[in-house]
Amino acid sequence: MKKSASGKLRLFYDQFSGDDRVLIVINADPDAIASAMAVKRLLWHKVASVTVSNINVIKRQDNLAMIELLNVSMTHVDQIVQKQFSRFVIVDSQPDHNKAFERFCPFDVVIDHHPITSKLRAPFSDIRPNYGANSSILTEYLRAAGIKPSSKLATGLYHAIKNDTNSFSRPSIAEDIRAFQFLYQHANIHLVSKIEHAGNRPEFLKYFALALNNKKIHGSRIFSHIGPVKNPDVIVIVADFFMRVHSIAWSVVSGICSQQLIVVFRNDGIRKDAGKLARKAFGAYGSAGGHKTMARAEIELINLEDVIDNKTNARVLNWIIKRVEKKTPS
């Protein structure tokens, strides 16, 4: 029988006691950051302490702006002493999504909106793949607890839902809309705007020229490889940009950063699964996966030594096109 929001909240609270020192581990992006903020608020005065730890290095300007403007406190995982904590929580991810999570397994609590990828051993898990944003789930928890979110918490959750659903142009459900409407009453829309526009940087403009010059269009699919980049954010920005082109149903944009080939997938959401395609096309070479409309693959260049003999932009792009088209259902 499906549990009510209040029932899930009770089970969530049952995992903690007053003397617990809780560590929330995240792969920091807007949805994960906001979800961690919500869990921290839910546990306020109910446990001894709550620490949020990010496994990734945060470089995106909009994410950095979110952290700064909302006063989010996080400690990188490399600085965490595990034995100092008694309970471990993961939000907006699952334990097998990244090797960095493994040291904290088994987690006591897992709350996520990605498809289940392995058998969970957590005493409490709440996985809802039909939700557009994990922050929508945590907003339901806050409401079930009778908590009015502060302006900064509401702003974080509001921005996360807007970001993960791409203003509801990606798959989402009525619960996402209800959470969004509730948060609108409490969020600082001016701060949301400042966060959203923090990533628009002049130095990214040259990559649009590269992407346009290197593009290849195969039917409704557009591919482009922009070569070396200092910041992988630009690959995401270009991939999103190409999806605004009329008649384009798939955007696959790649680049090289920190000795990794990064491939970003976007699609229009009509009978497509970007996460599944990314895993099929590139899972044998590195980490790959994501949602139905957005996904990503990250491959160490050393893993491609015997695959692409000459890593010119044209050779890399042609290899990516072949891998994607080979694994795309006809």
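One numbering rule holds for all chains: residues counted from 1, following each sequence as written. Where totals are concerned, whole chains, interfaces and linings use all residues; where local detail is concerned, this predicted model gives features only for residues with pLDDT of at least 70, and gives and counts side-chain atom pairs only at 80 or more. Values shown for side chains rest on all heavy atoms present in the structure; no hydrogens or waters enter the calculation.

Engineer: With reference to specific residues and values, describe the overall build of the protein.
Structural biologist: Counting from the N terminus, the helices are the DSSP runs of H or I reaching at least four residues and the strands are the DSSP runs of E reaching at least two. Helices and strands together make up the secondary structure of the protein, namely eleven helices and twelve strands. The globule rule used here is 2.2 Å times the number of residues to the 0.38 power, and the radius of gyration it is set against is calculated over C-alpha atoms. Rg of the C-alpha trace for the protein: 20 Å, near the compact-globule value of 20 Å for 330 residues, within the 12% margin. Principal-axis analysis of the C-alpha atoms places the extent of the protein at approximately 60 × 40 × 40 Å. Here the Shrake-Rupley method, with its probe set to 1.4 Å, supplies the accessible areas, and only the displayed protein chains count as covering residues. Looking at the protein as shown, the accessible area adds up to about 15900 Å², and 50% of this sits on carbon and sulfur atoms. The convention is simple: Lys and Arg are positive, Asp and Glu are negative, and His and the chain ends are not counted. To locate a charge, take atom NZ for lysine, CZ for arginine, CG for aspartate or CD for glutamate. Charge separation in the protein, taken as the distance between the mean sites of 45 positive and 30 negative side-chain charges, equals 3 Å.

Engineer: Tell me what's going on with helix α6 (residues 174–184), and back it up with residues and numbers.
Structural biologist: Burial classes: relative accessible area under 20% of the type maximum marks a residue as buried, over 50% as exposed, and values in between as partly exposed (1.4 Å probe, protein chains only). Among all positions in α6, only D176, A179, F180, F182 and L183 are buried. Down the axis of α6, the buried set is contained in an arc of 165°. They therefore lie on one face. We call two residues contacting when some pair of their heavy atoms lies within 4.5 Å. In the core, the buried residues of α6 are packed alongside α4 (134–144) and α5 (151–164). Throughout, the arc means the angular range of directions from the helix axis out to the C-beta atoms.

Engineer: Help me get a handle on the packing of α5 against helix α7 (residues 189–196), residues and values and all.
Structural biologist: Between N-to-C directions, angles cover 0 to 180 degrees, with each direction set by a line fitted to C-alpha atoms, over the stretch in contact for helices. Relative orientation of the contacting elements α5 and α7 amounts to 50°, with a least axis distance of 10 Å. The orientation of α5 relative to α7 falls into the category oblique. Here α5 runs over α7; the crossing is right-handed. Mapping the contact onto sequence places T155, Y158, H159 and K162 in α5 and I189, L191, V192, I195 and E196 in α7. Taken together, the residues of the contact of α5 with α7 break down into five nonpolar, two polar and two charged. Each angle gets one of four labels, with under 35 degrees taken as roughly parallel, over 145 as roughly antiparallel, 65 to 115 as roughly perpendicular, and the rest as oblique. Here a crossing is called left-handed whenever its near helix is offset anticlockwise from the far helix by less than a right angle, and right-handed whenever the offset is clockwise. For this classification, the nonpolar set comprises Ala, Val, Leu, Ile, Met, Phe, Trp, Tyr, Cys and Pro, the charged set comprises Asp, Glu, Lys and Arg, and every other residue, Gly included, is treated as polar.

Engineer: I'd like a rundown of the environment of A160, residues and numbers included.
Structural biologist: Summarising the element assignment, A160 is placed in helix α5. Residues A160 and L277, 117 residues apart in the sequence, show an inter-C-alpha distance of 25 Å.

Engineer: I'd like a rundown of the layout of surface pockets, residues and numbers included.
Structural biologist: In this analysis, the protein atoms alone were mapped onto a 1 Å grid. Cavities are point sets where a 1.4 Å probe fits without being able to get out; pockets are open sets with protein on both sides within 12 Å along at least five of seven lines; lining residues have an atom within 4 Å of a point. Grid points are joined across faces, edges and corners, and a volume is the space filled by probe spheres set on the points. Empty space within the second largest pocket amounts to approximately 370 Å³. Lining the second largest pocket are 22 residues, with A36, M37, K40, R41 and N71 positioned closest to its centre. Among the secondary structure elements, those contributing two or more residues to the lining of the second largest pocket are α2 (30–42), β2 (49–54) and α5. Top element by residues in the lining of the second largest pocket is α2. It accounts for five residues. Looking at side-chain class alone, the lining of the second largest pocket contains 14 nonpolar, five polar and three charged residues.

Engineer: I'd like a rundown of the sheet that holds strand β8 (residues 221–228), residues and numbers included.
Structural biologist: Strands belonging to one sheet form pairs held by backbone hydrogen bonds; the direction of such a pair is parallel or antiparallel. The strand order across the open sheet built from six strands is β7-β8-β9-β10-β12-β11, with neighbouring strands paired in mixed fashion. Looking at which strands have only one partner, the edges of the open sheet turn out to be β7 (216–218) and β11 (287–290). If you compare each strand with its neighbour and ignore which way they point, the axes differ by 15° on average. Each pair of strands is called paired provided DSSP finds at least two bridges between the two strands. As paired strands, β11 and strand β12 (residues 294–300) are joined by four bridges and run antiparallel to one another. Across the sheet, S287 pairs through a bridge with E298, a residue of β12. Relative to the sheet, helix α10 (residues 274–282) contacts β9 (250–257), β10 (260–267), β11 and β12, its axis offset from that of β11 by approximately 165°. Here helix α11 (residues 313–327) sits on the sheet and contacts β7, β8, β9, β10 and β12; the angle it forms with β8, its principal contact strand, is near 145°.

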